[in-house]
Amino acid sequence: MKKLAPLFVLLAVSGILFASPEITLKPGLSITRSVVISRQLYTLNADTALTKPLIVITGKNITVDFNNAVLQGSNNKALPNGFYGLAVMVMPGSSNITILNANIHGYKIAIMADSVEQLHIYNSNCSYNYRQRLHSNWQREDVSDWQSYHHNENGEWKRYGAGIYLYNCNGAALKGNTVTGGQCGLMMTRCNYADVYNNDFSFNSGLGIGMYRSSNNRVYNNRLDFNVRGYSDGIYYRGQDSGGILVFEQCSNNVFAYNSVTHGGDGFFLWAGQYTMDSGKGGCNDNLLYGNDFSYAPTNGVELTFSRNDIEKNIINECDNAIWGGYSYSTVVYDNEIKGNHTGIAIEHGQNNAVGFNRFEKNTTSIKLWGHTIEPSDWGYPKYRDTKSHNYQVYGNSFVNEKLVYDIMETDSLWFESNIMHGCGEIYKLGKLITRLDTSRQKALLDIPAGSLSKNNLISGINRVPATFDKYKHPGRGQIRVTEWGPYDFRYPLVFLQKVDKDGLYHFEVMHPGGTWQTGQLKGFSIVQQHGDSIVAKADSAVTDRFLQLQYTGKAFTDMFGKQHAANNTYLFSYHEFDAHPQWNINFYKWDSAHAADKDYSSFTQSLQTPVYTTTANKIDYTWWGAVGKGLPADSFATVATTVMDLPEHDYTLSLTADDMVKLYIDDKPVIDAWDPSIVNLDENTNHNVKVHLKGKHTFKIVHAEIGGLATLMFYLNESIMPGSARM
């Protein structure tokens, strides 16, 4: 019997290979027992409805080994914003389900599970699934690219797609999985007691990990880098609610440890939730952020609002705000590295917070604390909670080469002790309504032990994986390059427009995975300078259709759509822009309730008689946060823009981003009709586009109406070009 022991061990370890049958995938397949999938490429389209999955798994104690088979969906769609369907669904009531070695691409959602206990997903690749096409570019932001994760009671998050989407799954384990080149990596709603570790959810245009009403989970040793949109280096840095980790609505007692979460729109974004905002109760409380790297976020390295949490031993460098803690209370910020940020710690309306033993260096402002005497009247939170800015303990910190250490106003009861400062500029900038600021022990020896604030007992059993994150270590926010399909991932050739300077010269950088490149065809551009991987070119203003084509030869690579390219084959890539040189005549009008734009369009047009303001422009590119201009309306106004363009025969994509309502006419024929105020309930619905074939002279007319709040109007006309070309 002892001689049989090694064979028994082999069978136990590889039991699925010997005991489970091998099957092929097909639409409508229902898996109810352990199986191995035949390793091959499956090009299977799913139903457009997420309620009709392609493959279903149901039962208990089941292992499905996909055996590195590839499941490819949406085979009739060229671009990821058209991807649809659900590939694999684990059905409610199932338990102890293991999925491993799957490769699933081209769907709206790759793997979904609903009400499953003890779900395990290992070593699976759910990359290159659905993602939106972005409209922001290097020179300006388009508000239609903003996401909204604030509500998910009815599965609203599904509209953004996901590599893995879990609902009401307890005790899950996810290890060794990859989701890249999509919009969202892992999304968890009402999921508790999960372990999420050693995964790579990087280079997505939305989120790495999103949690909603999920508690007591552990997220550790993951790569969550470059989950970002809404950024152009030196131009704008909005993030548009993208991020490495998002935690919304009553998520408590989670541990986030040793993750690399760099270059995210936000690194970590936590919001208590609408229930707390309305009632003042609950929150996303007692979460521990331990030993993570949240550097290089365009907005906030860490944002925690309306809640109580602990931030310990993290690296948070070169963000706009390292930590934004609006309305945070009883929050501990302990032993973090905070360097090179605009603001190190910014907290408005916070209470009973402790900032101890952190290292601040080369921040514009170290710590900013403030309140307001008047708060938003439509928030329930201030009606039920103490929201005055008060009770801060700041001790044992070091401040090195800070421009301003403390910026404080409307705050009561501050205690500063034993903070060390070296090479700092201004120490205090004190505004109005500050009471009980105690600095009497600032130079005293600290009588509080250094470890007194630590919550490292909560990471029991979690060890830092050896430093393997260098693969994605690209220091600085300037390494973020957002294309129309999301963040550039350094894996494929790309010619990226950095800027157009005051002399009208185009500055390009040529990105590639290693090899050589040379210029190919040029139209409307002449090369002024070429050095290393940079090109300076001059545009011919007389040419409407301009492009710069390059040829790459070198290492094998995977392109932005997940297609693999062999080494040493010539690959063409390009920058393309179309400028029809329009001259727009733009009239602004004021309308009243008798001719309300959101009631009757015919009646509304009677307001378009006498403009309150008239101007001209060579493009329609407006975002108004207030009045149109001095002495002009901020709300209840209309815009009518007209032009004539002489166009070469081609297929064109016409696009409008508008808040609130808009119509586009070509030669008095309606082409885009978005005259519905409900459209602007979601930012992504404010963009409208259509493809048309045009030749010669055509008259364009845009009719736009603003009801209230933010207003925007942007018009784009581009030649329809092949996927993968860079476009301005």
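Let me begin by describing the structure that accompanies this report. (Residues numbered from 1 in each chain as written. Predicted model: local features only at pLDDT ≥ 70, side-chain atom pairs only at ≥ 80, totals over all residues. Heavy atoms only, no water.)

**Some points on the pattern of salt bridges**
Inclusion rule: For this analysis, a salt bridge means a side-chain nitrogen from Lys or Arg found within 4 Å of a carboxyl oxygen belonging to Asp or Glu. Numbering goes from the N terminus for both helices and strands, where a helix is a DSSP run of H or I of at least four residues and a strand is a run of E of at least two. Using a 1.4 Å probe on the protein chains alone, a residue whose accessible area is under 20% of its type maximum counts as buried, one over 50% counts as exposed, and one in between counts as partly exposed.
Applying the stated criterion across every chain yields a total of 25 salt bridges. Among the ionic pairs, E141 bridges to R238, the shortest N-O distance being 3.1 Å. Separated by 97 residues along the polypeptide, E141 in the loop between β12 (117-122) and β13 (162-167) and R238 in the loop between β20 (236-237) and β21 (243-248) bring together distant segments of the chain. A relative accessible area of 34% places R238 in the partly exposed class. A salt bridge links R213 to E153; the shortest N-O distance between them is 2.8 Å.

**A word on the pairing of strand β9 (residues 95-100)**
For clarity, the cut-off: The criterion for strand pairing is that DSSP finds at least two bridges linking the strands in question.
Most of β9 is tucked away, with five of its six residues classed as buried. Here strand β6 (residues 60-65) pairs with β9 via five bridges, running parallel. If you follow V64 over to β9, its bridge partner there is I99. Here β9 runs beside β12; their pairing, made up of five bridges, is parallel. Across the sheet, the residue bridging to I97 is L119, located in β12.

**Looking at the side chain of N314**
Put simply, the rule is: Here a polar contact means two N or O atoms within 3.5 Å. Within protein one must be a hydrogen donor candidate and the other an acceptor candidate, and residues neighboring in sequence count only if both atoms are side-chain atoms.
One can find N314 in the loop between β26 (309-312) and β27 (315-317). For N314, a relative accessible area of 1% translates into the label buried. Polar side-chain contacts of N314 include one of 2.8 Å to the backbone nitrogen of N292.

**A short note on the sheet that holds strand β39 (residues 420-422)**
Applicable threshold: Throughout, an axis means a line fitted to C-alpha atoms (over the contacting stretch in the case of helices), and angles, computed between N-to-C directions, take values from 0 to 180 degrees.
Reading across from one edge, β27-β30-β33-β36-β39 is the order of the five strands in this open sheet, with parallel pairing throughout. The open sheet terminates on both sides in strands that have one partner only, identified here as β27 and β39. Adjacent strand axes in the sheet meet at a mean angle of 10 degrees when their direction is disregarded. Sheet topology note: the strand β36 (residues 398-400)/β39 ladder contains three bridges and is parallel. By the bridge assignment, V400 is partnered in β39 with H422.

**Some points on the nonpolar core**
Buried together is how nonpolar side chains tend to be arranged in soluble globular proteins. The criterion, for reference: The nonpolar core is taken to be a set of buried Ala, Val, Leu, Ile, Met, Phe, Trp, Tyr and Cys residues, with the residues joined through side-chain atoms within 4.5 Å. It only takes one pair of heavy atoms within 4.5 Å for two residues to be counted as in contact.
If you look at the biggest cluster of nonpolar residues, it comprises 81 residues, and the most contacted ones within it are L71, V88, L166, F268 and I323. If sequence neighbours within four positions are ignored, L71 has contacts with L25, Y42, L44, L54, A87, V88, N103, I104, H105 and Y107. By size, the runner-up hydrophobic cluster in this structure holds 34 residues, among which are W138, F226, L497 and A537.

**Observations regarding the packing of aromatic side chains**
As a reminder of what qualifies: Aromatic pairing here means that ring centres of Phe, Tyr or Trp (its six-membered ring) are within 6.5 Å. Orientation follows from the plane angle: under 30 degrees is stacked, over 60 is edge-to-face, and everything else is tilted. Both a distance and an angle decide whether a charge sits over a ring: NZ of Lys or CZ of Arg must be within 6 Å of the ring centre and within 35 degrees of the ring normal.
Following the criterion strictly, the structure yields 48 aromatic pairs and no others. When the ring of F306 is compared with that of W379, the centres are 5.6 Å apart and the planes differ by 75 degrees; the resulting orientation is edge-to-face. With a gap of 73 residues between them, F306 in the loop between β25 (300-305) and β26 and W379 in the loop between β34 (365-370) and α4 (381-384) connect regions that are remote in the sequence. Consider the rings of F399 and Y406, whose centres lie 5.8 Å apart with planes at 70 degrees: the pair is edge-to-face. Counting every residue linked through ring pairs, the aromatic cluster contains F203, F226, Y488, F490 and Y492. The cationic tip of K368 hangs over the ring face of W370; the distance from NZ or CZ to the ring centre is 5.1 Å. Over the aromatic face of Y665 sits the side chain of K701, whose NZ or CZ is 5.2 Å from the ring centroid.

**Some thoughts on empty space enclosed by the protein**
Our working rule: With a 1 Å grid laid over protein atoms only, a set of points is called a cavity when a 1.4 Å probe fits there but cannot get out and a pocket when it is open yet has protein on both sides within 12 Å along at least five of seven lines; lining residues have an atom within 4 Å of a point. Grid points are joined across faces, edges and corners, and a volume is the space filled by probe spheres set on the points. All residues other than Ala, Val, Leu, Ile, Met, Phe, Trp, Tyr, Cys, Pro, Asp, Glu, Lys and Arg, Gly among them, are scored as polar; the first ten of these are nonpolar and the last four charged.
In the structure shown here, the tally under the stated rule is two cavities of 30 Å³ or more. A volume near 90 Å³ is recorded for the largest cavity. The wall of the largest cavity is formed by 14 residues, among which R131, G181, F203, W485 and P487 lie closest to the centre. Residue composition of the lining of the largest cavity, by class: six nonpolar, six polar and two charged. Looking at the second largest cavity, its volume works out to about 30 Å³. What lines the second largest cavity is K108, C126, N129, Y130, G161, A162, G163, V179, G182, Q183 and C184.

Purely spatial values, then, with no claim about function.
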